[in-house]
Amino acid sequence: MKPAKTLLLALPLLAAGCSPDNGTAKIRPLEAGTVTVEDTFWSPRFEKWEHVTVGDMLDKFEGNDPAHFACGVDAFENFDLVASGARDIGRHAGPPWYDGLVYETIRGIADLLAQRPDSALKARVDGYIARIEAAQQSDSDGFLGTHTQLTEDGHRWGANGGLLRMQHDVYNAGMLVEAGVHYYKATGDARLLRIATRFADYMVRIMGPSPKKNIVPAHSGPEEALIKLYRLYRDEPQLREQTGAQSAAGDYLALAEFWIGNRGVHCGQPLWGTWGNDSAERWIHKNLYTAQFGPDARPTWGDYAQDSIRVFEQPAIVGHAVRATLLATGIAAAACENGDKRYIATAKRWWDDMAGRKLFLTGGVGAVHFDEKFGHDYFLPTDAYLETCAAVGVGFFSQSMNSLTGDAKYMDEFERALYNNVLAGVSASGDRYTYQNPLNTDRSERWEWHPCPCCPPMFLKIVSATPGFIYAEDGKSLYVNLFIGSRTDIALGGTRINVRQQTGYPADGQVDLTLTPDKASRFAVRIRIPGWARGEENPFGLYVSESNGKPQLSVNGTPVEIRLERGYAVIERRWQPGDRISLQLPVAPRVIRAHEQARELDGKVALAAGPFVYCIEQADNADYDRLELDTAGGMRLEYRSDLMGGTPVITGTALTEEGVQTRFTAIPYHAFGNRGNGGYRVWLPALR
Ligand code: FUB
Ligand code: ZN
């Protein structure tokens, strides 16, 4: 087993995302484990997530929370039962996608371990991996899907009247693949990767163009996972021997492309929208599609799973918001590799549709509770559903688009989702979670655990991947995508550059970068200048605001003019060891209004400072539900060290319904619900 750090140092150019040399990707992020976070905002949070949240999640997956798991819902017992040979026993703990959630959690833990090795945590995960392996070994094909095996073994992959839309067999497999790749990269331990590869090889053997089977994931995620597996074996072919991989690296990419290209290729029924979910499901369960359309037919999973028509023809992002954003992530990732114009156009079209018409101010999507889906254009109600997982999907999709295009606007929206809806997903205590994240509510809800606990693993996945997204490179330029105190070494054209970022962001707009190339060398540094700092709150005018000030840039103390290319300030010069770049971003409070077609937000305003959207919470404002904001009354951004362990707040004046002038205190949206279940408001009526 190789220690992770050795592995990563040996491969300084091996990045987590796109591959400019092999496809059309413009830039690539770094591996999470090659960037060390040293940041006043993020470091204590990583500490909490690693030492509280991870343990809490694993305990709850094990069913060890006596208050809530008296019925013994243990996700790992499912694996043990399968390992013992149990099939069709009519008993399974948790939802059909429970295996996938376990794998996602392992992936998240892997990226945390890449930052900070922790032998006790690794030993705990290794114990789970042994149980997963034993379960897989009980099947001659290497199939593993505990819900299907324990409750409907004859329905593998949704066959014979099974319902893949519910079973999640392919999703579970994909999450195992992703976990295997991340765990190997983080720890050098290939055991989970071997399990995942066996499963992937099985899928490669049976899924694909005829005479293979037309099986596509009804819940996305596996597309990007298989692309990660492809990249890993492409870049480390010697690994095949260690894991016993049977397929060529390119077969994994081809399977992901098959899954993407074969959305919309089916028998055309059931018509989910007109028949209704219940009748559609009954029709599938009776296996009427094979009776009517022949043995090779498959039913459609409908708009819900982006499976009505081919994705390349789908004009807009539709359906279940988590599935849609994860499919879009896979399409963008595939485009990075294959450069196929249809993939690129689809990914761009969907992102534009999402960001220009369907994205909430906090970076959430999926307005509608029924089917957890996207609403119609400009439908941005204040009480929208907005599942945490969907905001994570926005983040991954946007980051993938940044890799594909090298355009900073995608990281603007990544940042919006991360600092608002995503961060809201876990409480300050680290052991309470959100599922829905409305912008206004009279009762905030944080769950101890949820019957569908999909959001904590997705939260963990994106925050643990974030260190790798701070920087990117294209072989000639260093990209600074996020403002997070950190250190890394990056190789550009044969020069090794130590990069150090120091910042108090987001409470403060000062960002200092020190570059130490091992020898003086010429290259470009591209620093994202967020749209909100340039008076462009949203690239399509979905939200508008005026920035309070201008970004300022200097090199070694000398001001330089900001030359903007695709949202990045570009500084190209011969850099000397120890050169300093200083960026000052205008983080004073700003007032945001929505597009006139967003009828639900008519006459309302919201407040932001830097990447944080703010909310007026009941805990600080007894009249929170009766305030009109005085937007011309002057607002201040202050740091309150006495509040929730230290947080920036916006203070200002408002008028109550009775016309009484009062002061308000607004906190960052992500911090709602940490002081009881009180209500809060992001959008408020404006006095003027
Ligand atoms: O289908 C698995 C998970 O359950 C989805 O990702 C969530 O949106 C919830 O529907
Ligand atoms: Zn979720």
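Because the structure is a prediction, the values reported are computed rather than measured. (Residues numbered from 1 in each chain as written. Chains lettered and ligands numbered in written order. Predicted model: local features only at pLDDT ≥ 70, side-chain atom pairs only at ≥ 80, totals over all residues. Heavy atoms only, no water.)

Here's the deal with the overall build of the chain
Item 1. What the chain contains, in helices and strands, is 20 helices and 24 strands.
Item 2. Against the compact-globule benchmark of 26 Å for 688 residues, the chain has a radius of gyration of 25 Å, which places it among compact chains.
Item 3. For the chain, the spread of C-alpha atoms along the three principal axes comes to 70 × 65 × 50 Å.
Item 4. Within the span of the chain, comprising 688 residues, buried residues form 63% of the whole.
Item 5. Within the chain, counting contacts between residues at least 6 apart in sequence, those at least 24 apart form 70% of the total.
Item 6. Carbon and sulfur atoms make up 49% of the accessible area of the chain, which amounts to about 23600 Å² in all.
Item 7. Taking the average location of the 72 positive side-chain charges in the chain and that of its 84 negative ones, the two points are 4 Å from each other. (Helix = DSSP H or I, 4+ residues; strand = E, 2+ residues; numbered from the N terminus. Rg over C-alpha atoms; globule rule 2.2 N^0.38 Å. Buried < 20%, exposed > 50% of the residue type's maximum accessible area, 1.4 Å probe, protein only. Contact = heavy atoms within 4.5 Å. Areas by Shrake-Rupley, 256 points an atom, 1.4 Å probe, with all protein chains shown as cover. Lys, Arg positive; Asp, Glu negative; His and termini not counted. Charge placed at Lys NZ, Arg CZ, Asp CG, Glu CD.)

Description of the coordination of the zinc ion (ligand 2)
Six octahedrally arranged donors around a metal ideally form angles of 90 or 180 degrees; four tetrahedrally arranged donors ideally form angles of 109.5 degrees.
Item 1. Coordination of the zinc ion (ligand 2) by the protein involves Glu387 (OE), Cys389 (SG), Cys454 (SG) and Cys455 (SG), with metal-donor separations of 2.0 to 2.3 Å.
Item 2. Between consecutive donor residues of the zinc ion (ligand 2), the sequence gaps follow E-x1-C-x64-C-C. Of this pair, cysteine 389 sits in helix α18 (residues 388-405) while cysteine 454 sits in the loop between β3 (440-441) and α20 (455-469), placing them 65 residues apart in sequence. (Donors = N, O, S within 2.8 Å, 3.2 Å for Na, K, Ca; no water.)

Considering the domain arrangement of the chain
Item 1. You can read the domains of the chain as domain 1 (7-264 + 300-359 + 368-469), domain 2 (471-584) and domain 3 (590-685).
Item 2. Between the C-alpha centres of domain 1 and domain 3 the distance comes to 34 Å.
Item 3. Where domain 1 packs against domain 3, one counts 1 salt bridge.
Item 4. Between arginine 681 and aspartate 442 there is a salt bridge whose closest N-O contact spans 2.9 Å.
Item 5. Along the contact surface separating domain 1 from domain 3 lie 18 residue pairs in polar contact (both at pLDDT 80 or more). (Domains from an automatic or database assignment. Salt bridge = Lys/Arg side-chain N within 4 Å of Asp/Glu carboxyl O. Polar contact = N/O pair within 3.5 Å; in protein donor to acceptor, adjacent residues only side chain to side chain.)

What to know about the sheet that holds strand β4 (residues 471-473)
Item 1. The sheet built from 6 strands is open, its strands ordered β1-β4-β5-β9-β14-β13 with mixed pairing. Of all strands in the sheet, those bounded by a partner on one side alone are β1 (28-29) and β13 (564-565).
Item 2. Bridge count for β1 against β4 is 2 bridges, and the pairing is antiparallel. Residue arginine 28 lies in a different strand from β4, and its bridge partner there is glutamate 473. (Pairing = 2+ DSSP bridges.)

Focus on the pairing of strand β16 (residues 590-594)
Item 1. Of all 5 residues making up β16, 4 are buried, and the element is well covered by its neighbours.
Item 2. In terms of strand pairing, strand β10 (residues 543-545) meets β16 through 3 bridges, oriented antiparallel. Its bridge partner lying in β16, serine 545 is registered against isoleucine 592.
Item 3. Note that β16 and strand β17 (residues 604-609) share 3 bridges and pair antiparallel. Pairing of valine 591 across the sheet is with leucine 607, part of β17.

A few points about the site of ligand 1
Item 1. Residues in contact with ligand 1, as listed here, are Trp97, His168, His219, His320, Val322, Arg323, Glu372, Glu387, Tyr435, Cys452 and Cys454.
Item 2. Within the side chain of histidine 219, an N or O atom sits 2.7 Å from an oxygen atom of ligand 1.
Item 3. For ligand 1, an oxygen atom lies 3.0 Å from a polar atom in the side chain of histidine 320.
Item 4. Compared with its free state, where it exposes 280 Å², ligand 1 has 94% of that area covered by protein.
Item 5. Taken together, the residues of the shell around ligand 1 sort by class into 5 nonpolar, 3 polar and 3 charged. (Near = heavy atom within 4 Å. Nonpolar A, V, L, I, M, F, W, Y, C, P; charged D, E, K, R; others polar.)

Re the packing of aromatic side chains
Item 1. In this structure the tally under the stated criterion is 35 aromatic pairs.
Item 2. Judged by centre distance (5.4 Å) and plane angle (65°), the rings of phenylalanine 61 and tyrosine 98 are edge-to-face. Linking phenylalanine 61 in helix α2 (residues 42-61) with tyrosine 98 in helix α4 (residues 98-115), this pair joins segments that are 37 residues apart in sequence.
Item 3. By relative accessible area, which is 2% here, tyrosine 98 ends up buried.
Item 4. Joined through ring pairs, the aromatic side chains of Phe41, Trp42, Phe46, Trp49, Tyr419, Phe459, Phe483, Tyr505, Phe612 and Tyr614 make up one cluster.
Item 5. The ring centre of phenylalanine 312 lies 4.4 Å from the NZ or CZ of arginine 342, which sits over that ring.
Item 6. Positioned above the aromatic ring of tryptophan 575 is the side chain of arginine 573, whose terminal nitrogen or guanidinium carbon lies 4.9 Å from the ring centre. (Phe/Tyr/Trp six-rings, centres within 6.5 Å; stacked < 30°, edge-to-face > 60°. Lys NZ or Arg CZ within 6 Å of the ring centre and 35° of its normal.)

Quick look at the pairing of strand β7 (residues 495-503)
Item 1. Here β7 shows one buried face, formed by Thr495, Ile497, Val499, Gln501 and Thr503, and one open face, formed by Arg496, Asn498, Arg500 and Gln502.
Item 2. As paired strands, strand β6 (residues 486-492) and β7 are joined by 7 bridges and run antiparallel to one another. Paired with alanine 491 across the bridge in β7 is arginine 496.
Item 3. From the end of β6 to the start of β7, which pair antiparallel, there are 2 residues, and glycine 493 there has a positive phi angle of about 50°.
Item 4. For β7 and strand β8 (residues 510-517), the ladder comprises 7 bridges, and the chain directions are antiparallel. Residue pairing in the sheet places glutamine 501 in a bridge with leucine 513 of β8.
Item 5. The hairpin formed by β7 and β8 contains 6 residues between the paired strands.

A look at the packing of helix α5 (residues 119-137) against helix α8 (residues 169-187)
Item 1. For the pair α5 and α8, interaxial distance at closest approach is 13 Å and the crossing angle is 140°. Relative to α8, α5 is oriented oblique. In this structure, the crossing between α5 and α8 has a hand that is left-handed. Contacts between α5 and α8 pair Lys122, Val125, Asp126, Ile129 and Ile132 from the former with Leu176, Tyr183 and Thr187 from the latter.
Item 2. A class-by-class count of the residues in the contact of α5 with α8 yields 5 nonpolar, 1 polar and 2 charged. (Axes fitted to C-alpha atoms, helices over the stretch in contact; angles between N-to-C directions. Parallel < 35°, antiparallel > 145°, perpendicular 65-115°, else oblique. Left-handed = near helix turned anticlockwise from the far one by under 90°.)

As for the sheet that holds strand β11 (residues 552-555)
Item 1. Taken together, the 7 strands give an open sheet; going across it, the order is β2-β6-β7-β8-β15-β11-β12, and neighbouring strands pair in antiparallel fashion. Whereas interior strands pair on both sides, the edge strands pair on one side only; in this sheet they are β2 (35-37) and β12 (558-560). Between one strand axis and the next, the sheet turns through 25° on average, direction left out of account.
Item 2. Pairing of β8 with strand β15 (residues 579-584) involves 6 bridges; the strand directions are antiparallel. Bridging across to β15, leucine 513 finds its partner in isoleucine 581.

Considerations on the pattern of salt bridges
Item 1. Taken as a whole and judged by the stated rule, the model has 46 salt bridges.
Item 2. One salt bridge connects lysine 122 with aspartate 126, and the closest N-O pair in it is separated by 2.7 Å. Of the two residues, lysine 122 and aspartate 126 both sit in helix α5, 4 residues apart, roughly one turn of that helix.
Item 3. Through salt bridges with shared partners, a single network forms among Glu104, Arg107, Glu178 and Lys461.

Some points on the confidence of the model for the chain
Item 1. On average, the chain scores 94 in pLDDT, and the residues at 70 or more come to 95%.
Item 2. By mean pLDDT, the top-scoring element of the chain is helix α19 (residues 409-422) (99), and the lowest-scoring one is helix α1 (residues 4-10) (34).
Item 3. Scored below 50 in pLDDT, residues 1-16 makes 41 contacts in the model with residues more than four places away or belonging to other chains. (pLDDT = per-residue confidence, 0-100.)

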